[in-house]
Each structure stands twice: as C-alpha cells, then as structure tokens.
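# Chain and residue survey
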Amino acid sequence: MQGHKKHLSQGVRRWVLVAMAALLVGIGAVAVWNAVALRQAVDRRTQQYLTDVSNQSAQLIRARIDGTMGQLVLTAEDLAAGVLSPEGLHARASFAKFDELAVVGPAGENPFTEDYSVNLGELPAFQSALNGTRVFCPLPGKDGFLYLVPLARDGQVTGVLAGVKSSEKMRAIIDNDCFDGQGSTCVLDSDGTILVSPTQRPFSAFIAATQYSETEGWAQEMQEGLRQGRAGNVLLPTADGEEIWLDYRPIGDYGLYVATLIPRDLIAADVDLSTRRTIGFAVGAAILLALLSAGGIIYQNWTRAQMRRVAFSDPVTGGYNNTRFLWEGERLVRQRPAEGWAVIALNLKDFRLVNEVKGEENGDDLLRRVHRTLLQQLGEGELAARGEGDTFYLLAHGPQERLAARMEDLSTRLGDIDTAVGRLRVSQGGCPVDPADPDLGAAERRANLARRTVAEEYPSSAALFDGSFAVRQEEEIERLKELEQAFAREEFCIYLQPKYRQRDGHAEVAGAEALVRWVHPGRGLVPPGEFIPLCERTGLIRQLDLLVFEKVCLLLKRWAEQGLAEVPVSVNVSRQHMKTAHFLDSYRDILQRTGVDAHRLELELTENVLFTTREIGEARDLIERIHQLGMHCSLDDFGAGYSSLGLLKDLPVDTLKLDRQFFADSLHSPRSQAVVRSILSLARALDIESVAEGIEEEGQAAFLWEAGCDLIQGYLYAPPLPTAAFESLLPPANN
C-alpha cells in the first residue's frame, strides 16, 4: 500500500514537473510570439510613416524641379520673343541658380565649360528636346543634372535652351530634415545607381558596409520595381548585422527616384529592448503567472507610450509636436464642430539673437517657458504644440469675434517672460477652421500668412486671416514676375536729385543723389514705394543696388567724354548688401569695368543699416575699404534714431546728411536752431561736408545757409530729375 502511494506520489510530481515545463514552454512561446508580433507591428508602422514621408519628399522635389523648369520655359519664351538676348543668359542663370545656361543648336554642339563638357547631340534626351519635349535628366559622365527646353520660333524648334546644376545644388533640392534629422535621402536612376549621395548620418557606415548578391530576393524586388517605375520599400541588410529601411519613390515622370533611408530600429529600439526583457521576465517568473501577466500588460502599455512619444512628442518642450497637433485637432473639431475653432500661429521675435548671445541651451529653455505659459492659457479641450523652430500653434475655441482679444491677451502674458535680449515679443496670426472640412494644415498656413503681414510691427503684432491676404499674395507673386522681367528688359533708370551750394549769394548745382525709377511699359513710371519693399523682401534689392551703381558709373564716364562738369553723385547702399560679406568686391569690379573716376562717387550708408549689422570697429573698417577704392562715404539719415555725436569721432565719414526730421517743423524754435548749428559747427571742425535733405521752404534754406550748411537738397530747388533734365543744369567742365 505504501509502495503504491509512493509510486502515485512520484507520478504526480512527474506530471507536475511536466505541466510546469509545458507551462514554462507555453509562456515562453507566447512571449516570443508577442515580441515577434510587436516587432512586426512596429515595422508596419515604420513602413507606413516612411512611405508618407517619402511621398511628401517626392512631391516636394517634383515641385522644385518643375519650378526650375518653369523658369527655364519663361527664359526660352523671352529669348524667342527677343525680350532677352543670349548675352543676358549669365544674369538669368545666376538668378535661377543654374551653374551654366546656354543656347544649343540642333547639332548639339557642346556649350558648357570643361566641368560639364559633353556632346549633347549624342544624348537621347537632347533629341527629345528637339522634338518639343521638356527634359530633366543626369548629365552623363559628369557631376550634375541637365535641364532641356525646346526653343521655338514661328512654331518650329530651332534649338534647345540647356541649363546644368551640380549635384551639390541637387543635394540642396532633395534635402529634408526627416525623422528628427536621423533620416537621409538620395537620388537613384532606374538602374539603382546613386546620382546624389545621401547626407552623412550615424548609420552611413552601415550603408558603406552593405554586402549583398543581386540574386537576393529584396535586391531583385527593388531592381524590378525601379525598372518598371514603381514605388516600394525594402529592408536592407548590412555586413555589421544592422538593418536599414530603404523606401524609393519615382520623382514624377523624370525616370529618377528619391530614396529615403532610416535605421530599422529608429522607432523600434525601445520596443526591442522591452520585448527582450519581457521574455526574460516570463521565463524567470513562470511560477508567478499572475504577476507576470500584469507586468506584461504594463510593459506593453509602456512600449506603446514610448512609440507614441517618439512619433508625437516635441523633443525640446516634451509636449505635442505638430503631427499630433494636426491629428488631435482635426478629431476635436469633428467631434465638437459647433464650438467655433481657430488656429493661432505664434512666432517669437528676435529668437535668433537669444541663441547667438546666450547659446542654444538658453534658447531651448526659452522655448520650454513659452510652451508652459501657453499651456496655462488653454481652455478645456484646447491644444498647443511647437511647430518648426520658434513657431507655436494653438487650437482655440469660442466666438470668432473674441479671437483678436485672445491673441492680444497671449501677447501680454508672453511679454512677461524675460529673455537675453529684453522682454519677449511675438507675432501672431489667426485663422478660423471650417468645421465641415477641418483642414488644420491649411489653417496653419493661412495663419502664418496673416502673421507675416504684421511681423515687423513693434513690439508685438497680430492679424486675422481673410480673403484679402490670399489676394495680396497672388498680387505679390505677379509683381515679382514683373520685377524679374523688368531686370531682363532693362526697364529701370536713374533719376538725379540735385544738391545745391551757395556761391556769391546764388545757389548752384554741386552734386546729386541717384534714385532708381521703374518705367513700366504699360503703367508708366512706377513709384519706388511699390517695388522697393518687394525687392528688399525677395533679395532683389542687391541686384538693384548694383544696377543703379553701374548706371551712375557709366553716366559719369559719359559726362567726362562730353566735357560736362563731373559733379559728385551719391548712391544708396541697402540693408541686404550690408549683410553680405565682401559685398564691396562687386562695386570694385564695376569700377574697373567702367573705368570711371571713383573720386566722383559717394556711397550713402544709413545709420540704422550700419549699426544693426556691425560693431563700430567693423563699420570703421568698412569705410576705410570704401576710401581705398577711391570713393567717398556719406552717413545718411543722421538723427533718424541711432544718432550719437560720438559716431562722428569714431567713423571717418566724408559727408553728413541731416535727416529731414530736423526740418519737419519750423526752425524758428531757438532750441531747434541751436541743435542744428551745433551739428554743423562740429562737422566743419571735423572737416566733414554737411548736407541738409528734404528742404521745402525758403526760411529753412536761409537759416541753413547762414548757419554754414555746405549743401542743400530738396523740392525747394528741384525734385528728382531725369538725367537729361539734370544735365541741362550742369555747366561746362572748365567752369
């Protein structure tokens, strides 16, 4: 009996051990299955995200290439219409950022320098262009890309307009900071050859170490997809045991592909670590099944939170990024459409100065403080997120007529934040969201458009979007096209406003200031206030500066040849030029090319332009370089806001132009007269010529002559004049 019980006990223990082993194996199998399933889910999520980003990249690159092709088409049309001569292609190439631009005959003779030399006549792409097709393709055997547009006269193709851009410029076209800077992009052809290499990333070593056979399944799949023009993605193995996701998308119908690469574990790294720990805990804690189950659930929730954090959190503030803001915002608007929603775009003014003065750590800390302040101002259900750089977005609800007051309150709250450069100033734009079609991305763009229209206002600014903004944007685009054509058609001319000196009780012409005018073929003389601000916003002002300077140089040279008195002419230098290193090199080249006497030229530098971009020492060096070129230097708008008599001591300027604000009111005030007399006296003591501008009254002129002002400029004597009218005022050179 006891033996029977002992045998039964041993059998039970054996079955218990078998059951425990089976349980352990089952738990391990379930844990492994769960880990594999989780990894597959992460891979699917990564593939979907990668596909979305790659699609956006391909569309963006196509749009940029089409935009460049559009510029080339306009240039071809201008050539065909005779508006633009082949000699003008160099300037147009620089404007459109081509390395070279040339007209090629039907024979395909090489038009390019050695860097891009190739026999175009042998290229199928060139023959396609001769047949009337616009072509974009790699430049065979060269480091660059080729744009081809047919040139047609009277309906017949007579040649091809060809432009080349280097792979480096193509790199700038395809670059995007995807996946928080951990992704990389490159350009492939249909054979899989890399035409534009990916930007250096930490996983580039893995790519370089890739070893594979063309017979492998993924390689054959990719090669077949490239040949057939299909999009796809593959998991690329490396010799280091790492894996890289590679997604390839066609760029329009150009026969090229944009490839986006990211490490496989970019999103899944935390998940891999978590699943390995889960398996270890499952095996080691088989006897604590309930605790293990609870731990597994908690751990799965944590890994999901990690994935959501990577995909939806801003790395600086820890709050929502713009992707989550858009998703959550559209869901909220659809659920509660009757509450009246609006997007507010908010940008920090002078944030760049905080980074430069105090460093990026202080800049990031300021972004976090702004984010916390915005969260404190949110109502129930409202959202806030950081977008790009120093831009934030808010989704607010409530009556639309309260939106402007809400934005004003935000400016006040944020104004209490102290930065390294003073109190925080912001610019804001607001745009209502259509509850029937809650496209928050479009609302963000419109809010930013409204914000930019008032961004320069001081101290803070805000504006609400309406249809007029879109209309003005379209109008500005049209004006920009007209401006570009005006440069090509040479529609700009100079006017000269005389400067008068008193001699023997009479005023005589002793100099002039050159001012630019646009003679539009349809509208006539366009006021500078309509096109100068647009030139400044787009950077065309630098081209306009140099154009005016060259016209003045040619005019002075003609005066010398015709025996007219060569009075000095002053030319304004814009803010954009002052921000460009070595900008005087362009002025030196024009002086050498025209052969003009530089001593007759004067560059006018305004105080606010000079001292918002340079320290005193740098400003002094700049003026010395102007003198070395043989030109004079004028300090314009003296008294307009930055004036200090100490500047006259520190800067070796030749001329001092008193701003018109000195003469806006009557000079009958003894205090006003005393200030002007003191400045003129100091200028004489420092051997600096003085000019009073904006003079419109006889009493003003009488006082200034008596006070010792050297030159007077203003409508009292003459407005800006066409060059022919001004020349009629000049005496012969021997006088």
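This text follows the structure it describes.
Only a predicted model underlies this, so the values are computations on that prediction, with no experimental measurement involved. Position numbers for residues count from 1 along each chain, tracking the sequence in the order it is written. The predicted origin of the model limits local features to residues at a pLDDT of at least 70 and limits the giving and counting of side-chain atom pairs to 80 or more, whereas totals for whole chains, interfaces and linings rest on all residues. The basis for every side-chain value is the complete set of non-hydrogen atoms in the structure, without hydrogens or water.

## Examining the overall build of the protein
Here is the rule: Runs of H or I in DSSP of at least four residues are treated as helices and runs of E of at least two as strands, each being numbered from the N terminus. Exposed residues in this analysis have more than 50% of their type's maximum accessible area, buried residues have under 20%, and partly exposed residues fall in between, with area computed by a 1.4 Å probe over protein chains only. Only heavy atoms enter the contact rule, under which two residues are in contact if any of them lie within 4.5 Å. Note on areas: Shrake-Rupley with a 1.4 Å probe; residue coverage comes only from the protein chains shown.
Scanning the protein from terminus to terminus reveals 24 helices and 27 strands. Taken over 735 residues, the protein has a buried fraction of 45%. By sequence separation, contacts in the protein at least 24 residues apart represent 62% of the contacts at least 6 residues apart. When the accessible surface of the protein is totalled, it reaches about 37100 Å², and 51% of it is carbon and sulfur.

## Observations concerning the pattern of salt bridges
The cut-off we apply is this: We count a salt bridge whenever a side-chain nitrogen from Lys or Arg sits within 4 Å of a carboxyl oxygen from Asp or Glu.
In this structure the tally under the stated criterion is 30 salt bridges. Residues D99 and K169 are paired through a salt bridge, measuring 3.5 Å at the closest nitrogen-oxygen approach. Of the two residues, D99 is situated in the loop between α2 (89-95) and β1 (100-104) and K169 in helix α4 (residues 167-174); the sequence distance between them amounts to 70 residues. Using a relative accessible area of 31% as the deciding quantity, one classes D99 as partly exposed. Between R324 and E328 there is a salt bridge, with its nearest N and O atoms 3.6 Å apart.

## What about the pairing of strand β24 (residues 655-658)?
Our working rule: Strands pair, by our definition, only if DSSP identifies at least two bridges between them.
Burial along β24 is two-sided: T655 and K657 facing one way and L656 and L658 facing the other are all buried. Relative to β24, strand β23 (residues 632-638) runs parallel, the two sharing three bridges. In the sheet register, L635 faces β24, and the bridge partner there is L656. Relative to strand β25 (residues 689-693), β24 runs parallel, the two sharing four bridges. Among the inter-strand pairings, T655 is bridged to a residue of β25, identified as E689.

## Examining the packing of aromatic side chains
The criterion, for reference: Two rings belonging to Phe, Tyr or Trp (six-membered ring only in the last case) form a pair when the distance between their centres is within 6.5 Å. Interplanar angles under 30 degrees mark stacking, angles over 60 mark edge-to-face geometry, and anything in between is tilted. As a reminder, the over-ring test applies to NZ of lysine and CZ of arginine, requiring each to be within 6 Å of the ring centre and within 35 degrees of the ring normal.
Counted by the stated rule, this structure contains 14 aromatic pairs. Taking the centre distance of 4.9 Å and the plane angle of 35° together, the rings of Y500 and Y717 count as tilted. On the criterion of sequence distance, the pair formed by Y500 in strand β18 (residues 492-503) and Y717 in the loop between β26 (711-713) and β27 (721-722) is long-range, its members being 217 residues apart. Judged by relative accessible area, Y717 falls into the partly exposed class, the value being 28%. Over the aromatic face of F98 sits the side chain of K165, whose NZ or CZ is 5.1 Å from the ring centroid.

## Concerning the packing of helix α22 (residues 670-685) against helix α23 (residues 698-707)
Rules: Inter-axis angles, ranging from 0 to 180 degrees, are taken between N-to-C directions of lines fitted to C-alpha atoms, where helices are fitted over the stretch in contact. Each angle gets one of four labels, with under 35 degrees taken as roughly parallel, over 145 as roughly antiparallel, 65 to 115 as roughly perpendicular, and the rest as oblique. Handedness of a crossing is defined here by the sense of rotation of the near helix relative to the far one, left-handed for an anticlockwise turn of less than a right angle and right-handed for a clockwise turn.
As a packed pair, α22 and α23 sit with axes 10 Å apart at the nearest point and diverge in direction by 40°. Taken together, the axis directions place α22 and α23 in an arrangement best described as oblique. When you trace α22 past α23, the crossing you get is right-handed. Contact residues: Q673, V676, R677, L680 and R684 in α22; F703, L704, E706 and A707 in α23.

## Quick notes on the sheet that holds strand β10 (residues 320-321)
Taken in spatial order, the six strands of this open sheet run β10-β12-β13-β11-β16-β17, and their pairing is mixed. In this open sheet, the two edge strands, each paired with only one partner strand, are β10 and β17 (461-464). Direction of pairing for strand β11 (residues 341-348) relative to strand β16 (residues 426-432): antiparallel, over a ladder of seven bridges. Looking at the pairing, I344 lines up with G430 of β16.

## Examining the side chain of N321
Applicable threshold: Two N or O atoms count as a polar contact when they lie within 3.5 Å, although within protein this holds only if one can serve as hydrogen donor and the other as acceptor, and sequence-adjacent residues are included solely when both atoms are side-chain atoms.
Of note, N321 is situated in strand β10. A distance of 3.0 Å separates the side chain of N321 from the backbone nitrogen of R324, its partner in a polar contact.

## Overview of unusual backbone geometry
Located in the positive-phi region is D350, a residue other than glycine, with phi close to 60°. Note that D350 resides in the loop between β11 and α10 (351-358). The class of D350 is partly exposed, set by a relative accessible area of 34%. With a phi angle near 60°, D687 is a residue other than glycine that sits in the positive phi range. Tracing the backbone through its elements, the reader meets D687 in the loop between α22 and β25. What makes D687 exposed here is its relative accessible area of 70%.

## Remarks on helix α12 (residues 403-415)
For clarity, the threshold we go by: Each residue after the first adds 1.5 Å to the expected span of a helix. The reported arc concerns the directions from the helix axis to the C-beta atoms and nothing else.
The first and last C-alpha atoms of α12 sit 18 Å apart over 13 residues, in line with the 18 Å expected at 1.5 Å per residue. Among the residues making up α12, those that are buried are L403, M407, L410, S411, L414 and G415. Along α12, the residues classed as buried sweep out an arc of 130° about the axis, all on the same side.

## Describing empty space enclosed by the protein
Note the cut-off: Of the grid points, spaced at 1 Å and generated over the protein atoms alone, those admitting a 1.4 Å probe that cannot get out make up cavities, while open sets with protein on both sides within 12 Å along at least five of seven lines make up pockets; any residue with an atom within 4 Å of a point is treated as lining. Grid points are joined across faces, edges and corners, and a volume is the space filled by probe spheres set on the points. Side-chain classes are defined by residue name, with Ala, Val, Leu, Ile, Met, Phe, Trp, Tyr, Cys and Pro counting as nonpolar, Asp, Glu, Lys and Arg as charged, and the others, Gly among them, as polar.
In this structure the tally under the stated criterion is two cavities of 30 Å³ or more. Empty space within the second largest cavity amounts to approximately 30 Å³. Around the second largest cavity, the lining residues are R479, L483, W518, R523, V526, E530, F531 and L534. Broken down by secondary-structure element, the contributors of at least two residues to the lining of the second largest cavity are α14 (467-489) and α15 (528-538). Of the residues belonging to the lining of the second largest cavity, the class tally is five nonpolar, no polar and three charged.

## Observations concerning the sheet that holds strand β6 (residues 194-196)
In space, the five strands of this open sheet follow the order β6-β5-β9-β8-β7, with antiparallel pairing throughout. Only two strands of the sheet have a single neighbouring strand rather than two, namely β6 and β7 (232-237). Taking the axes of each pair of neighbouring strands and ignoring which way they run, one obtains an average angle of 35° across the sheet. Here strand β8 (residues 243-250) pairs with strand β9 (residues 256-263) via seven bridges, running antiparallel. By the bridge assignment, D247 is partnered in β9 with T260. Contacts from helix α6 (residues 217-228) reach β5 (184-189), β7, β8 and β9 within the one sheet, and its direction differs from that of β7 by about 150°.

## Looking at the packing of α10 against helix α11 (residues 360-376)
The N-to-C vectors of α10 and α11 enclose an angle of 140°; their axes lie 6 Å apart at closest approach. The angle between α10 and α11 places the two elements in the oblique class. For the pair formed by α10 and α11, the contact residues are F351, V354, N355 and K358 on the first element and E360, N362, G363, L366 and L367 on the second.

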